[in-house]
Every structure is written in C-alpha cells, then in structure tokens.
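Breakdown of the fold
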Amino acid sequence: MSDEQPIETKNLDRYGHEALPWDRPRDQLAAMTPSPDLAFFLGTVTPDGRPHSAGVGAIYLDAYAYFTSSPGARKARNLAANPAATLSVRLEDIDLVLEGEAARVTDSGTLERLAAIYREGGWPARVEGDALTAPFSAPSAGPPPWQVYRFTFHTVVGVATREPYGATRWKF
C-alpha cells in the first residue's frame, strides 16, 4: 500500500452515526510511541488451519505496521506458511482490526529507524545482522534475535468508543 487513503469507505453503524473518517485512527497510529501499555494482537493461522493470537509491540510508520518475532515463535512459523494476518488494537477512542499480510524486513535502513522508535518507547533495541536484539523483551518473545515484519493492510474496521461514535470499514 503506497497511498494510505482508502479506496472504499463503508459505514457499518446501525444507529445512524456518520461513517468515521480514516484520519481519526491514522493520526492516532502515527502519533503513538510503543509502550507496554499499548497492546496489539496479531492473529495468524497454523498450518493445520487453527487460529493463533499473540500480543506484539507494533509500530506504525509510513502507512505500515511493524512488529517483531523470534524466528522459532509460533507466529513466525505461521507467517512463513501463510502471510495472511490480522492486527487488533484499542486506541484512545477507537478499536481497530487491520487485515492484511506480513513479510520479513531485512534492509538495514528500515531496521535502524524501527530500532530508534522502539528505544524511544523504552525498549533498548539495536540492529544485529538482519534482525533486532536487546538485553530483554516480553516474557513470551522467545530468545533474540527478533525478526522484523512489515504488515501491509488492505482492510481496516474501526468502532469508535467515544463520540463521535460509529463503525466503519475502510478498504485500501
């Protein structure tokens, strides 16, 4: 997705509220700094078709979401077999589910930018080879190094939790 403006907006609200503008969640995503208080949940599918969900520390940068995984973690193994995934997050005033695909990122420029953003949020990440490492990570993260994934979304559903209320689906 190179242009982050939706090509389709559908109002899902059944109570008469207007469709929500895309800039509402986009601006919140762009302004956030990763922290332990902001939880994203990655949904993947196992090779035998069972669903799997895992918390990840995600970053929104240049119209993509990024997250990390230890190569041996279930989420990384699932994505190797099937890149289709979802990311869910509760923002300040809107809940989001993003649908798309995840792919490994190995270019040093992007890795350095992401490591710097993670450091701003309190995780002392640094680039080592084609992945990130740090003295610690989440208890469930597995051992370093942690591979970085770029999540390209094609559909986002948002449900507002504060006024102005509404529910909207955006397609990209």
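Residues numbered from 1 in each chain as written. Predicted model: local features only at pLDDT ≥ 70, side-chain atom pairs only at ≥ 80, totals over all residues. Heavy atoms only, no water.

So, about the side chain of glutamine 28. With respect to the helices, strands and loops of the structure, glutamine 28 is situated in helix 1 (residues 23-31). Separated by 3.1 Å, the side chain of glutamine 28 and the backbone nitrogen of glutamate 92 make a polar contact. For glutamine 28, the side chain forms a polar contact with the side chain of aspartate 93, separated by 2.5 Å. Those residues in contact with glutamine 28 that lie beyond four places of it in its chain are Leu91, Glu92, Asp93 and Ile94. (Helix = DSSP H or I, 4+ residues; strand = E, 2+ residues; numbered from the N terminus. Polar contact = N/O pair within 3.5 Å; in protein donor to acceptor, adjacent residues only side chain to side chain. Contact = heavy atoms within 4.5 Å.)

As a further point, take the layout of surface pockets. Rolled over the atoms, a probe sized like a water molecule indicates the empty space that remains. Space inside the largest pocket adds up to approximately 630 Å³. Lining the largest pocket are 26 residues, and of these Pro36, Val56, Gly57, Ser137 and Ala138 lie nearest its centre. Among the secondary structure elements, those contributing two or more residues to the lining of the largest pocket are strand 3 (51-56), strand 5 (64-69) and helix 2 (74-81). With four residues, the top contributor of residues to the lining of the largest pocket is strand 3. Broken down by class, the residue content of the lining of the largest pocket amounts to 14 nonpolar, 10 polar and two charged. (1 Å grid on protein atoms, 1.4 Å probe; cavity = no way out; pocket = protein on both sides within 12 Å on 5 of 7 lines; lining within 4 Å. Points joined across faces, edges and corners; volume = space filled by probe spheres on them. Nonpolar A, V, L, I, M, F, W, Y, C, P; charged D, E, K, R; others polar.)

This brings us to helix 3 (residues 108-120). Between the first and last C-alpha of helix 3 there are 18 Å, a value that for 13 residues agrees with the 18 Å anticipated at 1.5 Å per step. Burial in helix 3 covers these residues: Thr110, Leu111, Leu114, Ala115, Ile117 and Tyr118. Buried residues of helix 3 fall within an arc of 160 degrees about the axis and therefore sit on the same side. On the buried face of helix 3, the contacting elements are strand 4 (59-61), strand 5, strand 7 (94-105), strand 8 (126-128), strand 9 (131-133) and strand 10 (147-160). (Expected span 1.5 Å × (residues − 1). Buried < 20%, exposed > 50% of the residue type's maximum accessible area, 1.4 Å probe, protein only. Arc of directions from axis to C-beta.)

To continue, consider the pairing of strand 10. A regular strand places its side chains on the two faces of the sheet in alternate fashion. In this sheet, strand 10 lies alongside strand 5 in antiparallel orientation, the contact comprising five bridges. The residue bridging tyrosine 66 from the neighbouring strand is arginine 150, located in strand 10. In this structure, strand 7 lies alongside strand 10, joined through 12 bridges in antiparallel fashion. From the neighbouring strand, glycine 100 faces strand 10, where its bridge partner is phenylalanine 153. (Pairing = 2+ DSSP bridges.)

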